[in-house]
Amino acid sequence: ALVNAIYWRGQWQTPFETAATREESFMRRDGTKTPATLMNQQSRFRIVERDGVQAISLPFAFADVDMLVFLPRKSGQLSKFEQELSATSLQLWLDTIDTAELRDTKLTLPRFRVRTPTDGKKLLEDLGLTAPFADDADFSGM
């Protein structure tokens with residue numbers, strides 16, 4: 001069955017408590033500050049740092065899935081990090097963080113929502129499923 005939307009609402013292994021979420025100042029990429037809703041918690045996470053960039057692994061509950069968050073230590077270094085990020089360097093980050101020790105950490109993140117629109121037709125065609133999208137597609141047997 002194909003559906004027009006894929007939806008996953010993952011829950012953090014260590015949830016952010018609503019009482020610890022508050023409006024605070026957040027520094028944007030350009031160095032300006034803006035009010036933002038920030039989630040706060042203290043827990044144990046895998047963290048690594050290299051070349052002036054920190055990475056933290058945030059595991060989801062009930063799944064073998066983590067979100068990796070990268071943070072350059074100095075303002076203005078995000079572009080450099082993005083330019084240097086490759087499949088090879090990402091794999092090195094993943095290997096390193098997988099073996100890192102858990103550390104007590106005070107974590108603050110802006111509240112966020114991730115949405116990724118995709119062209120399902122193109123994805124299916126790229127996988128070789130082209131007949132349903134042809135002008136002469138025959139669905140009479142359905």
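On a predicted model such as this, the values are computed, not experimentally measured, just so you know. (Residues numbered from 1 in each chain as written. Predicted model: local features only at pLDDT ≥ 70, side-chain atom pairs only at ≥ 80, totals over all residues. Heavy atoms only, no water.)

1. With respect to the overall build of the protein chain
Summing up its helical and strand segments, the protein chain has 3 helices and 5 strands in all. The helix and strand sequence of the protein chain, counted from the amino end, reads β-β-β-β-α-α-β-α. For 142 residues, the compact-globule estimate of 2.2 N^0.38 gives 14 Å, and the protein chain exceeds it by more than 25% at 20 Å. Burial statistics for the protein chain: of 142 residues in total, 20% are counted as buried. (Helix = DSSP H or I, 4+ residues; strand = E, 2+ residues; numbered from the N terminus. Rg over C-alpha atoms; globule rule 2.2 N^0.38 Å. Buried < 20%, exposed > 50% of the residue type's maximum accessible area, 1.4 Å probe, protein only.)

2. Structural notes on the pairing of strand S1 (residues 22–27)
Along a regular strand, successive side chains alternate from one face of the sheet to the other. Of the pairings in the sheet, the one linking S1 to strand S2 (residues 33–50) comprises 6 bridges and is antiparallel in character. Its bridge partner being in S2, glutamate 23 is matched across the sheet by threonine 37. From the end of S1 to the start of S2, which pair antiparallel, there are 5 residues, and glycine 31 there has a positive phi angle of about 95 degrees. (Pairing = 2+ DSSP bridges.)

3. A few points about the layout of surface pockets
Over the atoms, a rolling probe the size of a water molecule traces out where space has been left empty. Estimates place the volume of the second largest pocket at around 1100 Å³. As for the second largest pocket, its lining consists of 30 residues, of which Phe26, Val69, Phe70, Leu71 and Pro72 are closest to the centre. Taken together, the elements giving at least two residues each to the lining of the second largest pocket come down to S1, S2, strand S3 (53–59), strand S4 (66–72), helix H1 (78–84) and strand S5 (102–110). No other element matches S5, which puts 7 residues into the lining of the second largest pocket. (1 Å grid on protein atoms, 1.4 Å probe; cavity = no way out; pocket = protein on both sides within 12 Å on 5 of 7 lines; lining within 4 Å. Points joined across faces, edges and corners; volume = space filled by probe spheres on them.)

4. So, the pattern of salt bridges
Considering all chains together, one arrives at 6 salt bridges under this definition. Of the charged contacts in the structure, one is a salt bridge between arginine 22 and glutamate 24, with a shortest N-O distance of 3.3 Å. (Salt bridge = Lys/Arg side-chain N within 4 Å of Asp/Glu carboxyl O.)

5. Points about the environment of aspartate 104
If you trace the backbone, aspartate 104 turns up in strand S5. Along the sequence, aspartate 104 and arginine 9 sit 95 residues apart, while their C-alpha atoms lie 26 Å from each other. When neighbours within four sequence positions are excluded, aspartate 104 is seen to be in contact with Ser43 and Arg44. (Contact = heavy atoms within 4.5 Å.)

6. Focus: a positive patch on the surface
A cluster of like positive charges, contributed by Arg9, Arg111, Arg113 and Arg115, occupies part of the molecular surface. By the secondary structure assignment, arginine 113 is in the loop between S5 and helix H3 (120–126). For arginine 113, a relative accessible area of 65% puts it in the exposed group. (Patch = residues over 30% accessible without salt bridge, like charges linked within 9 Å, V, L, I, M, F, W, Y side chains within 5 Å. Areas by Shrake-Rupley, 256 points an atom, 1.4 Å probe, with all protein chains shown as cover. Lys, Arg positive; Asp, Glu negative; His and termini not counted. Charge placed at Lys NZ, Arg CZ, Asp CG, Glu CD.)

7. Observations concerning the packing of aromatic side chains
In total, this model carries 6 aromatic pairs according to the counting rule given. Ring centres 6.1 Å apart and planes at 80 degrees place the aromatic pair tryptophan 12 and phenylalanine 16 in the edge-to-face group. Look at tryptophan 12 and you get buried, because its relative accessible area is 17%. We classify phenylalanine 16 as buried; its relative accessible area is 13%. What links up through ring pairs into an aromatic cluster is the set Trp12, Phe16, Phe60 and Phe112. For arginine 50, the ring lying beneath its charged end belongs to tryptophan 93, and the centroid distance is 4.0 Å. (Phe/Tyr/Trp six-rings, centres within 6.5 Å; stacked < 30°, edge-to-face > 60°. Lys NZ or Arg CZ within 6 Å of the ring centre and 35° of its normal.)

Bear in mind that shape data such as this cannot, by itself, settle questions of function.
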